[in-house]
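Coordinates in review
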Amino acid sequence: MNAPSPMLEAPEHVLSTLEGDGSRRWLRPKLAKGQWWRRRQILAYVLIVVFVALPHLRINGRPLILLDIPARKFVLAGHTFLPTDTVLLALLLVSILITIVLLTALTGRVWCGWGCPQTVYMEYVFRPIDRFFEGTLGRGGKPKRKVTGIRAVLRFLVYLVLCMALAHTFLAYFVGTERLAQWMQSSPFQHPIAFVVMFGTTGLMLFDFLFFREQMCLIACPYGRFQSVMLDRHSLIVAYDETRGEPRKKGKRDVSLPIAERSAGDCVDCNQCVVVCPTGIDIRDGLQMECINCTQCIDACDDVMDRVGLPKGLIRYSSQDAMAGNPLRFLRMRTVLYPAALVAVLSIFFVVLSTKFAFDARLIRSAGNPFQRGANGQIVNNFRLRLWNRSEDNQDYEFQIVRPEGALLVQQENSGANLDPGQTELIPLTIQVPPSKFGPAGQCDGEIEITDGAGNQRTVTTKLLGPR
């Protein structure tokens, strides 16, 4: 008896990195060093330098960027953001999201192929290391023999050193370069949490770049799955000109004949666009989720077209509508609404940012009776002043009652307050008001002026309560 066969035959590749039998398909793309590859190379190394240099840069003595989560303090472009800046943080995140959506609508997945750290480090740091140890440096492709023994150990050590360096740079964004330098010179037991974070980040990077690799883009990253809603038929994509290329036929073409009289299209079926693809797809199958717009297939195809005497551009940057012969439309609903929304959000962001002071102050009414009558006949309102020093210097603060006239401000402990940088404190305050200041509703407006040692002033207002 014959063994039962499955109802459906498995495809050759279930995924671009998964064989029909379920085994891993390791991708070792060849290199196509064309004009697009060189442009991406320059941008990639610029981005790497920026990533390494940013934690070391200073503006007026402050880090250019510092995400100090334990201290609940973010420093961006020299400006300090505190937990009270929730609105600013939300506006900043929304503006970043709109920018990504706008860029995708205009230029497709340009982020994936040109700016994503996964692509930048994989294609321009770690794959070159692989090619060096595999003996395919400068051309890529499958090695003649598998990397084993001392070469495999050396490659792992190079990966480990680079991943540790990247992990330390990543950690510097959260603790600052000065503190990181001190920690690197001391025992890990003195700062175990930071050491665990660095160790874990190094391990995750090793797993990603040594094993998971392009599967991060194909399986884990949700960006490719969102492209169906972020792209439209006018968005820029890397596309194969099916009208010009089909039907495919190997060998050179008689370029003297008009295209309509040739027996085959311009595609010579060399398969070079497939062997150079870092995600293992065939761009000739149309727009696919796995395509990261890296342009390697463009460089490979242009090189082949030069060799066979055909014009370049069989694979090129274009759009679905342009490939169908329709005119390009730059102005459309997405390209109008997204910039308008981005301008609106950024405008609100800078307006809110302009209202921020060197310190935060907020009056909180104390629990208990809304007011009391003092021994001298004055009406007493008790408050707590939440004061937060946003500056980088120690500051002394003074308080003065502005309204209503004749009112007296009494601080229950000292005549002023002294706060360290980033420190917050609740300061008990008592406001004594003459009874004549309260109207029929039993309320009057109160204003307190707060001044720090640098001359910054802020006025806080409240409703003072009294007898009707």
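Each remark here, short or long, concerns the structure printed above.
Here is a short report on the structure shown in this document.

Rules used throughout
- Residues numbered from 1 in each chain as written.
- Predicted model: local features only at pLDDT ≥ 70, side-chain atom pairs only at ≥ 80, totals over all residues.
- Heavy atoms only, no water.
- Patch = residues over 30% accessible without salt bridge, like charges linked within 9 Å, V, L, I, M, F, W, Y side chains within 5 Å.
- Areas by Shrake-Rupley, 256 points an atom, 1.4 Å probe, with all protein chains shown as cover.
- Salt bridge = Lys/Arg side-chain N within 4 Å of Asp/Glu carboxyl O.
- Buried < 20%, exposed > 50% of the residue type's maximum accessible area, 1.4 Å probe, protein only.
- Pairing = 2+ DSSP bridges.
- Helix = DSSP H or I, 4+ residues; strand = E, 2+ residues; numbered from the N terminus.
- Core = buried A, V, L, I, M, F, W, Y, C linked by side-chain atoms within 4.5 Å.
- Contact = heavy atoms within 4.5 Å.
- Axes fitted to C-alpha atoms, helices over the stretch in contact; angles between N-to-C directions.
- Parallel < 35°, antiparallel > 145°, perpendicular 65-115°, else oblique.
- Nonpolar A, V, L, I, M, F, W, Y, C, P; charged D, E, K, R; others polar.
- Phe/Tyr/Trp six-rings, centres within 6.5 Å; stacked < 30°, edge-to-face > 60°.
- Expected span 1.5 Å × (residues − 1).

**Considerations on a nonpolar patch on the surface**
A grouping of Ile 150, Val 153, Leu 154, Phe 156 and Leu 157 is seen on the molecular surface, where their side chains present a nonpolar patch of about 450 Å² in accessible area. With a relative accessible area of 41%, Leu 157 lands in the partly exposed category.

**Considerations on the pairing of strand β5 (residues 65-68)**
Put simply, side chains in a regular strand alternate between the two faces of the sheet. Pairing geometry for β5 and strand β6 (residues 73-76), over 4 bridges, is antiparallel. Counted as the bridge partner of Asp 68 is Lys 73 from β6.

**Description of the nonpolar core**
Within the largest apolar cluster, 24 residues are counted, with the highest numbers of intra-cluster contacts made by Leu 387, Phe 399, Ile 448 and Ile 450. The set of elements that each furnish at least two residues to this core consists of β10 (359-365), β12 (379-389), β13 (395-403), β15 (416-419), β16 (424-433), β17 (443-452) and β18 (457-465). If we skip the residues at most four places from it in the chain, Ile 450 touches Phe 359, Ala 361, Leu 385, Leu 387, Tyr 397, Glu 398, Phe 399, Asn 456, Gln 457, Arg 458 and Val 460. Among the nonpolar cores identified, the runner-up in size contains 21 residues, and Trp 114, Cys 273, Cys 297 and Met 305 belong to it.

**Quick word on the packing of helix α1 (residues 35-53) against helix α4 (residues 117-134)**
The interhelical angle for the contact between α1 and α4, taken along N-to-C directions, is 105°, at an axis separation of 10 Å. In terms of orientation, α1 lies roughly perpendicular with respect to α4. Within the contact between the two elements, α1 uses Trp 37, Arg 40, Gln 41, Ala 44, Tyr 45, Leu 47, Ile 48 and Phe 51 and α4 uses Thr 119, Val 120, Tyr 121, Glu 123, Tyr 124 and Val 125. Each residue belonging to the contact of α1 with α4 can be placed in one class, and the counts come to 10 nonpolar, 2 polar and 2 charged.

**Quick look at the side chain of Gln 395**
You can see Gln 395 is positioned in strand β13. Gln 395 sits in the buried class, given a relative accessible area of 7%. Residues within four places of Gln 395 in sequence aside, it is in contact with Asn 389, Ala 417, Asn 418, Leu 419, Asp 452, Gly 453 and Ala 454.

**Focus: the environment of Arg 362**
Structurally, Arg 362 can be placed in strand β10. Here Arg 362 falls in the exposed class, since its relative accessible area comes to 52%. Aside from chain neighbours lying at most four places away, what touches Arg 362 is Arg 384, Leu 385 and Arg 386.

**Focus: the sheet that holds strand β7 (residues 79-81)**
Here we have 3 strands laid out as an open sheet, ordered β5-β6-β7, and antiparallel in their pairing. Edge positions in the open sheet fall to β5 and β7, since each of these has one partner strand only. This sheet shows a mean twist of 20° between the axes of neighbouring strands, independent of strand direction.

**Quick notes on the packing of aromatic side chains**
In this structure the tally under the stated criterion is 16 aromatic pairs. For the pair Trp 26 and Phe 211, a centre-to-centre distance of 5.8 Å together with 70° between the ring planes defines the contact as edge-to-face. Taken together, the positions of Trp 26 in the loop between β2 (18-19) and α1 and Phe 211 in helix α7 (residues 192-212) put the pair 185 residues apart, joining distant regions of the chain. When its relative accessible area of 36% is taken as the criterion, Trp 26 is described as partly exposed. By relative accessible area, which is 40% here, Phe 211 ends up partly exposed. When the centroid spacing of 6.1 Å and the interplanar angle of 85° are considered together, the rings of Trp 36 and Trp 114 count as edge-to-face. Taken as a pair, Trp 36 in helix α1 and Trp 114 in helix α3 (residues 110-115) lie far apart in primary sequence, 78 residues in all. As far as the burial class goes, Trp 36 and Trp 114 line up, both buried. In textbook terms, an aromatic cluster arises when at least three aromatic residues are bridged by ring pairs, as seen for Trp 26, Phe 207, Phe 211 and Phe 212.

**So, α7**
For α7, with 21 residues, the first-to-last C-alpha span of 28 Å sits near the 30 Å given by 1.5 Å per residue. Every buried residue of α7 is listed here: Ala 194, Met 198, Thr 201, Thr 202, Met 205, Leu 206, Asp 208, Phe 209 and Phe 212. Packing partners of the buried residues in α7 comprise α4, α5 (149-175), α6 (177-184) and α8 (215-220). Immediately downstream of α7, the backbone of Arg 213 shows phi near 50°, a positive value.

**What about the pattern of salt bridges?**
Using the criterion set out here, one finds 24 salt bridges in the structure. For the salt bridge of Asp 232 with Arg 332, the shortest nitrogen-to-oxygen distance reads 2.7 Å. Pair noted here: Asp 232 is in the loop between α9 (223-230) and β8 (237-240) and Arg 332 is in the loop between α13 (320-323) and α14 (333-354), with a separation of 100 residues, a long-range link. Of the two residues, Asp 232 and Arg 332, neither departs from the other in class, the shared state being buried. Glu 246 is the salt-bridge partner of Arg 248, the closest N and O atoms lying 2.9 Å from each other. Take Arg 248: its relative accessible area is 32%, and that puts it in the partly exposed class. A network of salt bridges, in which partner residues are shared, links Arg 28, Asp 130, Glu 134, Arg 155 and Arg 213.

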